[in-house]
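# Reading the structure
In case you want the letters, here they are:
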Amino acid sequence: MIVCKFGGTSVGSVEAIRQLVSILQDPDHKGRVRVVVVSAFSKVTDTLIAIARKAEQGNGTFKDDVSQLFERHREVIYRLLPAETQGPTEGVVRSLIEDLERILEGVARLGELSNRTLDMVMSFGERLSASIIAPICTAAGMPADYLDARLVIRTDDRFGNARFIPEETYPAIRSLLQNRPHLQIATGFIGATLDGKTTTLGRGGSDLSAAIFGAAIGAEEIEIWTDVDGILTSDPRLVPTAFRMDSISYEEALELSHFGAKVLHPPTVLPAMEKGIPIRIRNTFNPSCPGTLIAREVPPSPYPVRGISSLREVALIRLEGTGMVGVAGFSARLFSALARRHINVILITQASSEYSICCAVLPKDAPEAAAAIKEEFESEIARSAIEPPVIERDLSIIAVVGSRMKSTPGIAGKVFHALGRNGVNVVAIAQGSSELNISAVISRQDEAKALNAIHDAFFLAGLRSVNLFLVGTGLIGGTLLDQLAQQQEILADRYKIRINLIGVANSKHMLFDAAGIEPARAREALLSQGEPMDLDGFISRMRAFNLPNSCFCDCTAADTVPSRYLDILKSSIPIVTPNKRANSGLLSYYTALTEYSRERGIPYLYETTVCAGLPVISTLHDLFLSGDRIRRIEAVVSGTLSYIFNNFDGSKPFSGLVWEAKQKGYTEPDPRDDLNAMDAARKVLILARECGMPLEFEAIRVEPILPPSCFTAPTVEAFFEELKNHDQSFEERRRRAAQQGKVLRYVAVIEEGKAELRLREEGEGSPFRSLVDADNMVVITTDRYSVLPMVIKGPGAGAQVTAAGVFADIVRIARTLV
Ligand code: ADP
Ligand code: ASP
Ligand code: MG
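The structure reproduced in this document is the subject of the present report. As the structure is a computational prediction, the values presented were derived from the model and not from experiment.

## Thoughts on the site of ligand 2
The immediate surroundings of ligand 2 are formed by Ser39, Thr45, Glu126, Phe189, Arg203, Gly204, Gly205 and Ser206. In this structure, an oxygen atom belonging to ligand 2 sits 3.4 Å away from a main-chain N or O atom of glycine 205. Burial of ligand 2 by the protein amounts to 86% of the accessible area it has alone, namely 260 Å². Its residues placed into classes, the shell around ligand 2 shows 1 nonpolar, 5 polar and 2 charged.

Structure below.
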């Protein structure tokens, strides 16, 4: 014999009820089901509460709402019942609705709605639903009776959240069923006190009704049919990657539901557990799925934890004072005071100093809990041995549950690492002594982020995902999008890294999609669907998403975005940037950014600000980490200047080479922007700072390449005309060098606290002689690389290599994830 329960959505529509009938008729169920417990049609309980409140406030429109409720049920009757039973069933429903109306009129007249009356009003939801589903089953060839559970489920009189009394209830169920051989369609959620007053078992309580029936008749199994495939590793509405568990122990199910997994009403497990009856959660809309089995002995979880749940709204009551230190029985008094008022304490933590104690309660209970504590400790508070209790609100609790936690070290570390690196502040922590759960109280706005961060850390089998927010879709940003599009699959398959593009913006538009934007389509989507770009808006939206493992990437060349980096890091969001502005601006800002990143462990990665994709910055960091000391850096850091001097062999005049570089796209539109060496100087400044030199931009000595007259030329054409006048002197300088077997190179030297850029003559043995094309070269001399320096060489500009470097930094962030 089995007991089945169908929840609100599983009876919420004509299609759902058809599905219910076909489940009961299938070979697995036919003849085996003794009791079917049904909830009210979906949303009906909420509607009844709203109607009752309207009536209480004297709002006469409640009558229209009752008529709508009647229509909704009538429609099901006419669509699912054969003609001959439509009339009688409609009669039953009509008389229930009339009873309901009478009660509501009473509420309206008195202007008062007690918990007891509200329970009575709510009971109509389940009574209507079972009254309709019983004849539907009969008509489908499964003779069935309507069973009003108030006849058998006996409870105390805590209206709204009544406790059932097993000693009274179980015999009553058994004796009633003896006289009722047919299938019973029972109302969920409701019961009655010993003197017959209607009660409810708490919201979501139909699950418990099913367990009560199951326990009373010693059922083989209790099946809870709902709208998800089973108990998932986390709430699927908050954690999109949550997945079904095959099985879970009673204790684990109890913990998960106690801490908010709505799929199961928390007290449901107990009656089943006592009698050792397995519960199976199944999906009405996907009956071929085996669901989740809840039982005493289940295979251990393949993961160190079983699931993660959360209670969205809790309040914390904090009690502090020297008066509790070393006082025996203090906590006992505290908890008895709360228990006397029936306040459910969700979590308790006590500092080991015993100087403070915290307990989490539902927000609605907080004022009463505080009052109970004040009363209990009145004299201690009066003599200031204890501070009056403080209530903190807007908090959530996250609970990580699993019986394997007992034997696996490091779980708590992983949980708090995931929270910490995502900037989730933990207000209180508790670990149950059974080691079945670790719970953390956090700010409510971080609930989803915390759940996802912990979920990914434990369940995504090494898959690490980064949620990317990209500003700038020009040459570098655009190329990055192309590379993301190309690499997506390989990254996921081979390296288990997923990069979700959540937000993207150019100077005009911005676009967000929590489900991810196709990188290949991002630019087009920005144009067609984007909203006007505003940087503050972009940043606040990025924060509001509050996603775990977010990453901000600035592919603009502007000053405006870098000015926001510190704010962004302070939101615990890592930054990747090829934009030199922040690191080559004021020293104080550079220091603030790099120190914040180091101290808080929030990555700030800018490899591509010097020599594009060449691994210069990361190599320097590695050298420092290994204890080496940089003695000197010499470098050619400008691709344009590299090209011009590498090709300056006397075959062409200097101005002709500059022209050629411009034609090949190696220069800015006005080549003077390269020849003034300002961009090179910024890179040198960054390198110097990376070596620990506290320099401002002005301290970089830059030997001018061009005479001042070239810069006063009003146009690019005029500049080239003027440059021709100096070809002679450039050629003389070259020839003088060549006569000594040397070549000209524009080289940066960083040494002994100073940094400069000079046009040097490089003789035999200089690594810079081997430079070709527009390559960069960085020559690093350290304590360890002292005889032969380390040389990093290759293309130091270009969209492809720069974007690839940015990409590598983003992947580096993914790799730091747990
Ligand atoms: P019913 O009306 O069938 O009783 P509920 O709405 O009470 O259904 O419970 C099912 C819902 O619980 C799911 O639709 C899902 O959104 C939510 N839920 C929360 N946590 C979990 C979880 N860990 N596993 C499955 N569902 C969950
Ligand atoms: N109908 C009730 C509620 O919505 C009970 C249930 O669905 O389990 O809370
Ligand atoms: Mg439910």
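What follows picks up the thread again.
## Here's the deal with empty space enclosed by the protein
This model, assessed by the stated rule, comprises 5 cavities of 30 Å³ or more. Its volume calculated, the second largest cavity comes out at about 60 Å³. Where the lining of the second largest cavity is concerned, the elements lending two or more residues are helix 15 (475-495) and strand 19 (497-505). Of the residues in the lining of the second largest cavity, the class split is 7 nonpolar, 3 polar and 1 charged.

## Focus: the packing of aromatic side chains
The geometry of an aromatic ring pair comes down to the distance between the two centres and the angle between the two planes. Tallied over the entire structure, the rule returns 19 aromatic pairs. Relative to phenylalanine 459, the ring of tyrosine 303 lies with its centre 5.0 Å away and its plane at 70 degrees, an arrangement referred to as edge-to-face. Within this pair, whereas tyrosine 303 is found in the loop between strand 11 (292-295) and strand 12 (307-320), its partner phenylalanine 459 is found in helix 14 (residues 447-459), the two being separated by 156 residues in sequence. A relative accessible area of 2% places phenylalanine 459 in the buried class. Both rings, one in tyrosine 643 and one in tyrosine 666, keep their centres 4.8 Å apart while their planes meet at 65 degrees; by these two values the pair is edge-to-face. One end of the pair, tyrosine 643, is in helix 22 (residues 639-646); the other, tyrosine 666, is in the loop between helix 23 (654-663) and helix 24 (672-675), with 23 residues separating them in the sequence. Note on tyrosine 666: relative accessible area 29%, which makes it partly exposed. The ring of phenylalanine 124 has arginine 127 lying over it, and the distance from NZ or CZ to the ring centre is 4.2 Å. For the cation-ring pair, arginine 682 lies above phenylalanine 697, with the distance from its terminal atom to the ring centre recorded as 5.4 Å.

## Observations regarding the site of ligand 1
Taken together, 16 residues lie near ligand 1, and Thr226, Asp227, Leu232, Arg237 and Lys262 sit nearest. For ligand 1, an oxygen atom lies 2.7 Å from a polar atom in the side chain of threonine 226. For ligand 1, an oxygen atom lies 2.7 Å from a polar atom in the side chain of lysine 262. For ligand 1, the accessible surface in isolation is 570 Å², of which the surrounding protein chains cover 89%. Partitioned by chemical class, the residues of the shell around ligand 1 number 6 nonpolar, 5 polar and 5 charged.

## Notes on the packing of helix 2 (residues 44-56) against helix 4 (residues 83-110)
Orientation of helix 2 relative to helix 4, taken along the N-to-C sense of each, is 40 degrees, at an axis distance of 7 Å. The angle between helix 2 and helix 4 falls in the class oblique. As helix 2 runs across helix 4, the sense of the crossing is right-handed. Contacts between helix 2 and helix 4 involve Leu48, Ile51, Ala52, Ala55 and Glu56 on the former and, on the latter, Leu100, Leu104, Val107 and Ala108. Looking at the contact of helix 2 with helix 4 residue by residue, the classes come out as 8 nonpolar, no polar and 1 charged.

## Looking at the layout of surface pockets
Rolled over the atoms, a probe with the dimensions of a water molecule shows which regions are left empty. Approximately 1,200 Å³ is the volume found for the second largest pocket. Ile476, Lys580, Glu668, Asp679 and Ala797 are, among the 42 residues lining the second largest pocket, the residues nearest its centre. Elements with a contribution of two residues or more to the lining of the second largest pocket: helix 15, helix 22, helix 24, helix 25 (678-690), strand 29 (775-782) and helix 29 (799-815). By residue number, the principal contributor to the lining of the second largest pocket is helix 25, which donates 4 residues. Looking at side-chain class alone, the lining of the second largest pocket contains 17 nonpolar, 15 polar and 10 charged residues.

## A short note on the state of the cysteines
The tally for this structure, following the rule as stated, stands at 0 disulfides. Cysteine cysteine 4 is unpaired, with the sulfur of cysteine 137 as its nearest cysteine sulfur at 10 Å. Judged by its relative accessible area of 0%, cysteine 4 is buried. Free cysteine cysteine 359: the closest other cysteine sulfur is in cysteine 358, separated by 7.5 Å. Since its relative accessible area comes to 2%, cysteine 359 is described here as buried.

Procedures and definitions
- Residues numbered from 1 in each chain as written.
- Chains lettered and ligands numbered in written order.
- Predicted model: local features only at pLDDT ≥ 70, side-chain atom pairs only at ≥ 80, totals over all residues.
- Heavy atoms only, no water.
- Near = heavy atom within 4 Å.
- Polar contact = N/O pair within 3.5 Å; in protein donor to acceptor, adjacent residues only side chain to side chain.
- Areas by Shrake-Rupley, 256 points an atom, 1.4 Å probe, with all protein chains shown as cover.
- Nonpolar A, V, L, I, M, F, W, Y, C, P; charged D, E, K, R; others polar.
- 1 Å grid on protein atoms, 1.4 Å probe; cavity = no way out; pocket = protein on both sides within 12 Å on 5 of 7 lines; lining within 4 Å.
- Points joined across faces, edges and corners; volume = space filled by probe spheres on them.
- Helix = DSSP H or I, 4+ residues; strand = E, 2+ residues; numbered from the N terminus.
- Phe/Tyr/Trp six-rings, centres within 6.5 Å; stacked < 30°, edge-to-face > 60°.
- Buried < 20%, exposed > 50% of the residue type's maximum accessible area, 1.4 Å probe, protein only.
- Lys NZ or Arg CZ within 6 Å of the ring centre and 35° of its normal.
- Axes fitted to C-alpha atoms, helices over the stretch in contact; angles between N-to-C directions.
- Parallel < 35°, antiparallel > 145°, perpendicular 65-115°, else oblique.
- Left-handed = near helix turned anticlockwise from the far one by under 90°.
- Contact = heavy atoms within 4.5 Å.
- Disulfide = S-S within 2.5 Å.

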